[in-house]
There are 2 protein chains.
Amino acid sequence: MAETPSVTIVPPSRELLEKIADTLRFVSADQVQKANSGHPGMPMGAAEIAAVLLTRLKIDFRDAKWINRDRFVLSAGHASALLYSMLCLQGFLTLDDLRDFRQLGSRTPGHPEMDATPGVDASTGPLGAGIGMATGMAAAERMLAETYNTPKFDVIDHFTYVLAGDGCLMEGVAYEAMSLAGHLGLGRLIVVYDSNRVSIDGGTDLTFGEDVGARAAAMGWRVWEVDGHNVEELGAALDQAREDLARPSLVIARTTIAKGCPNKAGKSSSHGAPIGIEELAAAKAGRGWPAEDFHIPAEVSDYFDVRRGEWLAMRQEWNQLFALYAKKHHALCRELQRILAGELPKQWKNAVAPFPIEKPLATRAAGNQVMNQLGAAIPELVGGSADLTPANLTEIKSGCNPDFINSGFFQGRNLHFGVREHAMGCFTNGLALHGGFIPYCATFLVFHDYMRPTLRLAALMRIRSIFVHTHDAFMVGEDGPTHQPVEQLASLRAIPRIQVWRPADANETIYAWQAALERKDGPTAICLSRQELPVLDRSSLAPARETLKGMYVLQPEGEEQAEILLIATGGDVPLALATAAALRERGRTTRVASAPCLEAFKLQAEGYRKKILPKRLRKRLVIEAGIVQGWEGILGDAGLFIGLDDFGHSGKPAELAEKLGFTVPAILAKIDSAGW
Amino acid sequence: MAETPSVTIVPPSRELLEKIADTLRFVSADQVQKANSGHPGMPMGAAEIAAVLLTRLKIDFRDAKWINRDRFVLSAGHASALLYSMLCLQGFLTLDDLRDFRQLGSRTPGHPEMDATPGVDASTGPLGAGIGMATGMAAAERMLAETYNTPKFDVIDHFTYVLAGDGCLMEGVAYEAMSLAGHLGLGRLIVVYDSNRVSIDGGTDLTFGEDVGARAAAMGWRVWEVDGHNVEELGAALDQAREDLARPSLVIARTTIAKGCPNKAGKSSSHGAPIGIEELAAAKAGRGWPAEDFHIPAEVSDYFDVRRGEWLAMRQEWNQLFALYAKKHHALCRELQRILAGELPKQWKNAVAPFPIEKPLATRAAGNQVMNQLGAAIPELVGGSADLTPANLTEIKSGCNPDFINSGFFQGRNLHFGVREHAMGCFTNGLALHGGFIPYCATFLVFHDYMRPTLRLAALMRIRSIFVHTHDAFMVGEDGPTHQPVEQLASLRAIPRIQVWRPADANETIYAWQAALERKDGPTAICLSRQELPVLDRSSLAPARETLKGMYVLQPEGEEQAEILLIATGGDVPLALATAAALRERGRTTRVASAPCLEAFKLQAEGYRKKILPKRLRKRLVIEAGIVQGWEGILGDAGLFIGLDDFGHSGKPAELAEKLGFTVPAILAKIDSAGW
């Protein structure tokens, strides 16, 4: 597949590699010591791994976002000092950055943060997630390559490396991701497992007795086991791993945590606290290393001076290749450039036709139509479901590459994630991090809980991952409380920087998707109904484009004298309209607002917000099939809430609505007893 | 270990077992068909497995909670119809119950719910969780057995069976739990894997290509692979599995989903919707089965009439054994009876001494002392951490069995869960479900997200699991935003039925633990600080026992004329007190309330709540290192909130407090600009 680049890099000698390793080891320990905070054990133990990886990585230190760089994910994010040492030798960071380790506002925070540090490909810290994100990155590489590369132009052609520790390998998300990677045959994914057999509680024999290599092999991985302090064994394994493009690779590197420390080597006490000035001095002396802080030997800095030249030459060669590619494959290249820039195609919005009012439609079904219309116009929209495709209705059957990706086949745009919600979220984030895609993934809203850490990471990293959550209310019915979301809308909205949409009908669904696609700086959750909903008749209600404002007056537009304000979201809007009608029959004046996205509403100008929620209008009734949490600020002291405060029940949707008070008579009774 | 009981049960013949299987198959399909809702595929495909399991299970159909029953967890909860068919043949349910399948208020809800149905050992539906809970149950069995059995009295001596599907095995939580079970050597845990290779999206070849048996073997499991429709192969594998008491067992049963259906067998379309009247009629005809609904052949009902007699005899034999045990081992038996009843020992509260005010103490450190004092008095308090023992400070070193449980050794009360938060939560729930323990587990508050589904299940099942979440604020400092909770307090409180405690000092920590232990009908989360906090001087403040009320006036008690009410939780209470002092210096009158548990406060009488939050006192200022969500109802229209609305930063705690506005001057400025 990949052509051998003409800029060939001679790997450094064993002696030099070992010196690079010691440089990484002690510069990392120095960071922790100077900050008097951090994790020195793994950086010192994995220094040889880092040295061997570092010299093999394809990067451009002047362009951290170069699309064809090798990706490197430090899944064991607590070893951040090691990553920063690598980035320093590569040229992304300075020694002054390292001296600022863990200080407020520095480029070297406690755990890797991609927006704080050039050259960091993913924010890590929550264990195992890095393996999951790397799986998505490695798939993204192949998906782009198979679509955009041409016989003589391997413009996308890189590896994705992960450095993981015992903790990562213990996490379920790493298992899920590795199982998926093995199934897909992600041959350019190489995980180096720093197997130091020590975790915070002590030796891994306390709890982690399994044969990790055999487990990985059972999942279709190629496995090596090497001495992780032997740079030649490590190098040979990595080179073989790079040759096997059919299977992902796991290099199990047996290491000693805090290698080189006379007293703390091999001990869990070296994991999460500075090893101490004396111990560090003794470790340096033991390796014949100068005592000074942040020492970089001349041979090492000379080597990287040369290496940086080679890195630039490699990049220039790619630039030339890409320039030729642009000439020869003009249209393909323009599309590739567009998707890499994260720009949507021109007139993409025209792809979507408004829904007619005649036929009621679940918003999940509307979402399916929207995704398919958009999918024809936006080839970079890719994704899938955690084994709920026919229920989430998230398959894109139109436009280019409508197939499903499967073992070794990457031309599809649809993915089967299996029943692996957590890895699905990580994988989706990995696609977004890689670039070239607007990824989505789907499961039932209630199972958002299984993948919650990935929404948080997406928000923290400000990436455009889209989480489709269908079956968004107790109206799922007979499947019962384990399948009925109650607290999920609130807990989703609790995550900073996320936007949570719950469209009221098919036409609001169009705008929810539009907002998600246009949002470049954060993730979106789109919550959709299982049950059919009427398509609101916009001839008598506000136009659907108002959806984008997050909350808007649906009925009657411009009514200033209303005494009761009804606010609802998603499938509860029809009930609000029906309640308003009943109130009008009683001679009351009402205003009904649809609130598809509270976060988007908060971004509106104050004037607009005050118009929608006028101070004088205190009789506010909110209807949402969830908990009150998150609504109290809008409800104010005088408001009424129609919602849930306990789990649901197994039964027919209509019977549940009756039991839970989601009917017009029940709401009217509540209004009466409030004395409105 | 286990003695062979003298009531030996002759397994039914192959022909009879096959008839039992067909009974289960069609009675299950009939339930789904009658409800016109549910999942017939797996019940029809796993009918032989269920038949073989059913005849081997040790139960007492008149006492669903008998402590020495075999546990059976249907991890694939969507196959609930199969479970209900089994329970009907066992005698727990009637045919009328089955006819009520999935109806509101019935004993046969859509997914198994332990409080709705006698004989259901765990609520399931979220995939994989059942394997995790069963792991905890199997450990509970050994932990009780090794402490309470005596040479001639194996009063605790049962198996834990799981029926799981492809979806369960794909979930990361199942991997984590199986890895832990393999490590611990839970030999009485037997998982039967209904490997029908079909999931909702289609064949598992779409996404699940791994060798599950090899993976399990790599984790220390003994593995069988059998024809899942061959009752003899199944029986032989189960019998061998029961003999191997050193390793958990995985019986991979290759089955055909919807076995017997002429058109839908082997197809994913049979998974989640009724197979249809005609198809079901054809399936029955194909097996020579009467067309009538809910048919139970005479041989089958005769067999179970006899079998129920044997079950009763088996129970009576155990009763006799237990009566002798009670005589011979009086004290041991009394303790066992007490812990099985879930009653705390007398005077358990006396074990805890109040903390002196001299020495500031992180609440996690206070928690450690409380747990150790309680641990000496309450032997059933057991648990551990997901590899953060020295950080969570949750090891119990006092009282009986202070060791750590490890491979084959179950006399300890402490557990190393490894970096497996999700399985840890399931395991903890499994201990609580089994009976005999008050289990706790621990991780950082921010990593609550990794185990969130288990808190939801604990709440749904109303069990006494205790979740200790330390490092409860941005004050964790340099570890940065991936490690700093922001939205977690809100998202925890969002879960119905849970109680979330965030004690303000060491002495409030005592009462938080006390409340968690006394709460018999639901889980508790205890959120504790990493940073040191002053021990509040109760000579000038309200007594610490007020903590139990959830919110109370700390200072000044009984002050009626205060114009500003400051409310804070946990580590933010000292800041509220300091702010109040500064306001008093300005001549303002204040009242400071500590709010360690909003849920406990909601349970107080209205009069008390109104006293704490008087209507007239509208200038309410809440300080909590989290988001405003959940506080707005208390803040009211006029309140002010000191909290976070975005992720944290890596830096020194004091610098972060400054940056995020958690200082007296910043709060005073906010009060000023509000015009208070």
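Per-chain numbering applies: the sequence of each chain, read as written, is numbered from 1 onward. Note on labels: chains are lettered from A, ligands numbered from 1, in written order. The model is predicted, so local features are restricted to residues of pLDDT at least 70 and side-chain atom pairs to those at 80 or more, both for listing and for counting; the totals for chains, interfaces and linings are taken over all residues. For the side-chain quantities, the full set of heavy atoms in the structure was used; hydrogens and water were omitted.

With that settled, consider helix H11 (residues 277-286) of chain A. Residue and element names in this part refer to chain A. Here H11 has its buried residues at Glu279, Leu280, Ala283 and Lys284. Buried residues of H11 fall within an arc of 135° about the axis and therefore sit on the same side. Exposed side of H11, more than 90 degrees from the buried face: Ile277, Glu278, Ala285 and Gly286 are the residues found there. On the buried face of H11, the contacting elements are helix H1 (14-35) and helix H2 (41-45). Relative accessibility under 20% of the residue-type maximum defines a buried residue, over 50% an exposed one, and the middle range a partly exposed one, all with a 1.4 Å probe and only protein chains included. Counting from the N terminus, the helices are DSSP H or I runs at least four residues long and the strands are E runs at least two residues long. Each direction from the helix axis to a C-beta atom contributes to the arc, which is the arc of those directions. Residues are treated as being in contact if the distance between any of their heavy atoms lies within 4.5 Å.

All names here are of chain A. Checked against the element boundaries, Thr160 lands in strand S2 (residues 160-165). Given a relative accessible area of 0%, Thr160 falls into the buried group. Residues in contact with Thr160, not counting those within four places in the same chain, are Arg71, Ala134, Met137, Ala138, Arg188, Leu189 and Ile190.

Turning to the relation of the copies chain A and chain B, a few remarks are in order. A residue counts toward the fit only if its pLDDT is at least 70 in both copies, and the copies are then superposed by least squares on the C-alpha atoms of those residues. With an RMSD of 0.0 Å, the operation that places chain A on chain B is a rotation of 180° combined with a shift of 0.0 Å along the axis. This pairing of chains is accounted for by a two-fold axis. Considering only C-alpha atoms, the residue of chain A closest to the rotation axis is Gly172 of chain A, which sits at 1.8 Å. A shared binding surface is used by both copies, with 100% of the interface residues of chain A retained as interface residues in chain B.

What follows covers the interface of chain A and chain B. Interfaces are often sized by the accessible area lost when the parts come together. The partner chain B presents 99 residues to the 99 residues of chain A that form the contact. By buried area we mean the combined loss of accessible area, with a 1.4 Å probe, across both parts when two parts are placed together. Approximately 8,100 Å² of surface area, both sides summed, lies buried where chain A meets chain B, with 53% of it carried by carbon and sulfur atoms. Put simply, a salt bridge is a Lys or Arg side-chain nitrogen that is within 4 Å of an Asp or Glu carboxyl oxygen. Our count for the contact surface shared by chain A and chain B stands at ten salt bridges. Its salt-bridge partner being Arg452 of chain A, residue Asp449 of chain B comes within 3.6 Å of it at the nearest N-O pair. Within 3.5 Å is the distance limit for a polar contact, defined as a pair of N or O atoms, with the added protein rule that one can donate a hydrogen and the other accept it, and that residues adjacent in sequence qualify only through two side-chain atoms. At the surface where chain A touches chain B, the tally comes to 68 residue pairs in polar contact (both at pLDDT 80 or more). Here the side of chain A that touches chain B gets eight residues from one element, more than from any other, and that element is helix H17 (residues 448-461) of chain A. Residues belonging to the side of chain A that touches chain B are distributed by class as follows: 36 nonpolar, 34 polar and 29 charged. Gly is put with the polar residues, along with every residue not named as nonpolar or charged; the nonpolar set is Ala, Val, Leu, Ile, Met, Phe, Trp, Tyr, Cys and Pro, and the charged set is Asp, Glu, Lys and Arg.

Let's shift gears to unusual backbone geometry. The phi angle of most residues is negative, glycine excepted, and most peptide bonds adopt the trans form. In this structure, Pro556 of chain A follows Gln555 of chain A across a cis peptide bond, with omega equal to -15°. If you trace the backbone, Pro556 of chain A turns up in the loop between strand S17 (552-555) and strand S18 (564-568). Unlike most non-glycine residues, Phe294 of chain A shows phi in positive territory, near 50°. For Phe294 of chain A, a relative accessible area of 3% translates into the label buried. Its identity is not glycine, yet Arg497 of chain B carries a phi of approximately 75°, on the positive side. Note that Arg497 of chain B resides in the loop between helix H18 (488-493) and strand S14 (499-501).

Right, let's talk about the packing of H1 of chain A against helix H4 (residues 80-90) of chain A for a bit. Residue and element names in this part refer to chain A. It is the contact of H1 with H4, at a shortest axis distance of 8 Å, that shows an interaxial angle of 125°. Considering their axes alone, H1 and H4 lie oblique with respect to each other. For the pair H1 and H4, the crossing hand works out as right-handed. Facing H1, whose interface residues are Ile20, Leu24, Val27, Ser28, Gln31 and Val32, H4 presents Ala81, Leu82, Tyr84, Ser85, Met86 and Leu89. In terms of residue class, the contact of H1 with H4 is built from nine nonpolar, three polar and no charged. Convention adopted: a line fitted to C-alpha atoms gives each axis, helices being fitted over their contacting stretch, and angles between N-to-C directions are expressed from 0 to 180 degrees. Roughly parallel means an angle under 35 degrees; roughly antiparallel means over 145; roughly perpendicular covers 65 to 115; every other angle is labelled oblique. Should the near helix be turned anticlockwise from the far one by less than a right angle, the crossing is termed left-handed; should it be turned clockwise, right-handed.

This brings us to the confidence of the model for chain A. For every residue, the predictor assigns a confidence score, pLDDT, that lies between 0 and 100. Here chain A averages 96 in pLDDT, while 98% of its residues score no lower than 70. Across the interface, the model reports ipTM at 0.97; the global pTM reads 0.98.

Before going further, it helps to spend a moment on the domain arrangement of chain A. For chain A, the domain assignment lists domain 1 (16-266 + 281-315), domain 2 (348-533) and domain 3 (550-673). On a C-alpha basis, the centroid separation for the pair domain 1 of chain A and domain 3 of chain A is 52 Å. As annotated, the domain borders come from an automatic or database domain assignment.

Here we take up the packing of helix H6 (residues 129-148) of chain A against helix H13 (residues 330-341) of chain A. Helix-helix packing: each pair is described by the crossing angle between the helix axes and the interaxial distance. Residues and elements named next belong to chain A. The contact between H6 and H13 brings their axes to 11 Å, and the two run at 160°. Here H13 runs roughly antiparallel to H6, going by the angle between their axes. In this structure, H6 meets H13 at a crossing whose hand is right-handed. Taken together, the residues of H13 that come into contact with H6 (itself represented by Leu144, Thr147 and Tyr148) are Leu332, Glu335, Leu336, Ile339 and Leu340. Residues belonging to the contact of H6 with H13 are distributed by class as follows: six nonpolar, one polar and one charged.

Right, let's get into the pattern of salt bridges. Tallied over the entire structure, the rule returns 80 salt bridges over all chains. Measuring nitrogen to oxygen at the nearest pair gives 2.5 Å for the salt bridge that ties Glu210 of chain B to Arg215 of chain B. The pair Glu210 of chain B / Arg215 of chain B is uniform in exposure class, with both members buried. Each of Asp22, Arg25, Glu48 and Arg287 of chain A takes part in salt bridges that share partners, so that together they form one network.

A few words now on the packing of aromatic side chains. Between 30 and 60 degrees the pair is tilted, below 30 it is stacked and above 60 it is edge-to-face, where a pair is any two Phe, Tyr or Trp rings, Trp via its six-membered ring, whose centres lie within 6.5 Å. In the structure shown here, the tally under the stated rule is 31 aromatic pairs over all chains. Both rings, one in Phe322 of chain B and one in Tyr325 of chain B, keep their centres 5.5 Å apart while their planes meet at 40°; by these two values the pair is tilted. Taken as a pair, Phe322 of chain B and Tyr325 of chain B lie in helix H12 (residues 298-328) at a separation of three residues, close to a single helical turn. Taken as a pair, Phe322 of chain B and Tyr325 of chain B share a single burial class, namely buried. By the ring-pair criterion, three or more aromatic residues cluster together here, those being Trp66, Phe153, Trp318, Phe322 and Tyr325 of chain A. Two conditions define a charge located above a ring, namely a distance within 6 Å from the ring centre to NZ of Lys or CZ of Arg, and an angle within 35 degrees of the ring normal. Just above the ring of Phe159 of chain A sits the side chain of Arg188 of chain A; from NZ or CZ to the centre is 5.4 Å. Cation over ring: Arg242 of chain B sits above Phe159 of chain B, and NZ or CZ is 5.2 Å from the ring centre.

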